[in-house]
Amino acid sequence: TITWDNQNFGAVAGIGPTLNGTLTYRGEGRPKTFYSTIKGFVRWIEHELELNYGDPKSGLEFRIQAEASEYGVLSEITARSVNVDGRYLWNIGDLSPATFILGFRWRLSTTFAPDDLGGYNALPASLRTFLGGSSDVRGYALKEIPGAGGAPTLAYLGTEMRVAEVLPWGLQPIALLDIGRAGSETLWLNSPTYFSAGPGLRWASPVGVFRATLARGWASGRPSVASQRNYSQWQFLLGYGEEF
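What comes next concerns the included structure. Please read all numbers here as calculations on a predicted model, not as lab measurements.

What counts as what
- Residues numbered from 1 in each chain as written.
- Predicted model: local features only at pLDDT ≥ 70, side-chain atom pairs only at ≥ 80, totals over all residues.
- Heavy atoms only, no water.
- Phe/Tyr/Trp six-rings, centres within 6.5 Å; stacked < 30°, edge-to-face > 60°.
- Helix = DSSP H or I, 4+ residues; strand = E, 2+ residues; numbered from the N terminus.
- Lys NZ or Arg CZ within 6 Å of the ring centre and 35° of its normal.
- Buried < 20%, exposed > 50% of the residue type's maximum accessible area, 1.4 Å probe, protein only.
- Pairing = 2+ DSSP bridges.
- Core = buried A, V, L, I, M, F, W, Y, C linked by side-chain atoms within 4.5 Å.
- Axes fitted to C-alpha atoms, helices over the stretch in contact; angles between N-to-C directions.
- Polar contact = N/O pair within 3.5 Å; in protein donor to acceptor, adjacent residues only side chain to side chain.
- Contact = heavy atoms within 4.5 Å.

**Brief notes about the packing of aromatic side chains**
Summed over all chains, the structure comprises six aromatic pairs. Here Phe9 and Trp44 contribute two aromatic rings whose centre-to-centre distance is 4.6 Å and whose plane-to-plane angle is 35°, an arrangement assigned as tilted. Separated by 35 residues along the polypeptide, Phe9 in strand 2 (residues 9-23) and Trp44 in strand 3 (residues 32-46) bring together distant segments of the chain. An aromatic cluster is built from Trp4, Phe9 and Trp44, whose rings are joined through pairwise contacts. The ring of Tyr53 carries Arg87 above its face, with NZ or CZ at 4.8 Å from the centroid.

Here you go:
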């Protein structure tokens, strides 16, 4: 692991081996899988965000993670994956204390698994990727997009406006908009495009932060990935300790 730091931001990077074992009792994926990987990562974060991680108001965070597994090298599978994600929060007007906080969050991930070893469908659930839930497309349930098998490629962009220091008792109203897509192949995104929008409320309680959102999810475009969720729905999510 290597770390680097200056007055405005810090960075950390690392690479190393992992050993993993999974058992699947129900659902998609191999019943039992043992595999090793080489995993590397880079994380860059502004100190303004780092120092206020439990109550973020401004700053940028950016992460890249790559993972590779090779059949026969203490592994029953071959897979390559790359995940890029991050977030940016803007204190509009640079007010003190911050009143209007606009946040952006993004994610792009893709996984490759060779067809001669079963392809993506041969991977265990721990290496499959999904959208849905409090961390991305909030109009859908946890891991609902694109369906039970997940997707080799995912893209997500979300935005949220939070109003602080206006309501009493630490209550902060939220407005959100999320957009996501899934792909049935490596480095490829299919229709439909998934959306979610709605209101929410953040409460900085004496025992930690609670966040509740009520978002309508819908999809636009013709489905081309099996088990696509392409209907309209409402989703209520309640979380503790999470931040946008």
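Once you've had a look at it, read on.
**A short note on the pairing of strand 7 (residues 153-163)**
Along any regular strand the residues' side chains alternate between the sheet's two faces. Of all eleven residues in strand 7, eight are buried; the element is thus mostly enclosed. As paired elements, strand 6 (residues 100-112) and strand 7 share eleven bridges and run antiparallel to each other. Bridged to Arg105 within strand 7 is Gly158. One ladder, built from ten bridges, connects strand 7 with strand 8 (residues 171-183); its direction is antiparallel. If you follow Thr153 over to strand 8, its bridge partner there is Gly183.

**A closer look at unusual backbone geometry**
A cis amide bond links Ile145 with the next residue in sequence, Pro146, at an omega value of 0°. Topologically, Pro146 is positioned in the loop between strand 6 and strand 7. At Leu74, a position not held by glycine, the phi torsion is positive, near 50°. With a phi angle near 60°, Glu165 is a residue other than glycine that sits in the positive phi range. With respect to the helices and strands, the residue Glu165 is situated in the loop between strand 7 and strand 8. Overall, Glu165 belongs to the exposed group, its relative accessible area being 53%.

**Focus: the nonpolar core**
Among the nonpolar cores identified, the biggest contains ten residues, and these are Leu131, Val137, Tyr140, Ile145, Ala151, Leu154, Tyr156, Ala182, Tyr194 and Phe244. The next biggest cluster of nonpolar side chains, apart from the first, holds seven residues, and it includes Tyr35, Ala79, Ala113 and Tyr120.

**Re the sheet that holds strand 2**
Spatially, 1-2-3-4-5-6-7-8-9-10-11 is the arrangement adopted by the eleven strands of the open sheet, whose pairing is antiparallel. Of all strands in the sheet, those bounded by a partner on one side alone are strand 1 (2-5) and strand 11 (233-240). Neighbour to neighbour, the strand axes of the sheet diverge by 15° on average, direction disregarded. Summarising the sheet, strand 8 and strand 9 (residues 193-205) pair through eleven bridges and their orientation is antiparallel. Bridging across to strand 9, Leu177 finds its partner in Ala197.

**Some details on the pairing of strand 2**
Judged from the four bridges that link them, strand 1 and strand 2 form a sheet pairing that is antiparallel. Residue pairing across strands places Ile2 opposite Ala13, the latter belonging to strand 2. In sequence, strand 1 turns back onto strand 2 through a hairpin of three residues. By the bridge criterion, 15 bridges tie strand 2 to strand 3 in an arrangement that is antiparallel. Opposite Phe9, over in strand 3, you have Glu46 as the bridge partner.

**Here we look at the side chain of Thr129**
Relative to the elements of secondary structure, Thr129 occurs in the loop between strand 6 and strand 7. By relative accessible area, which is 13% here, Thr129 ends up buried. Among the polar contacts listed, one links the side chain of Thr129 to the backbone oxygen of Ala151, at a separation of 2.6 Å. Those residues in contact with Thr129 that sit more than four places away from it in its chain are Arg107, Ser109, Tyr120, Gly150, Ala151, Pro152 and Leu154.

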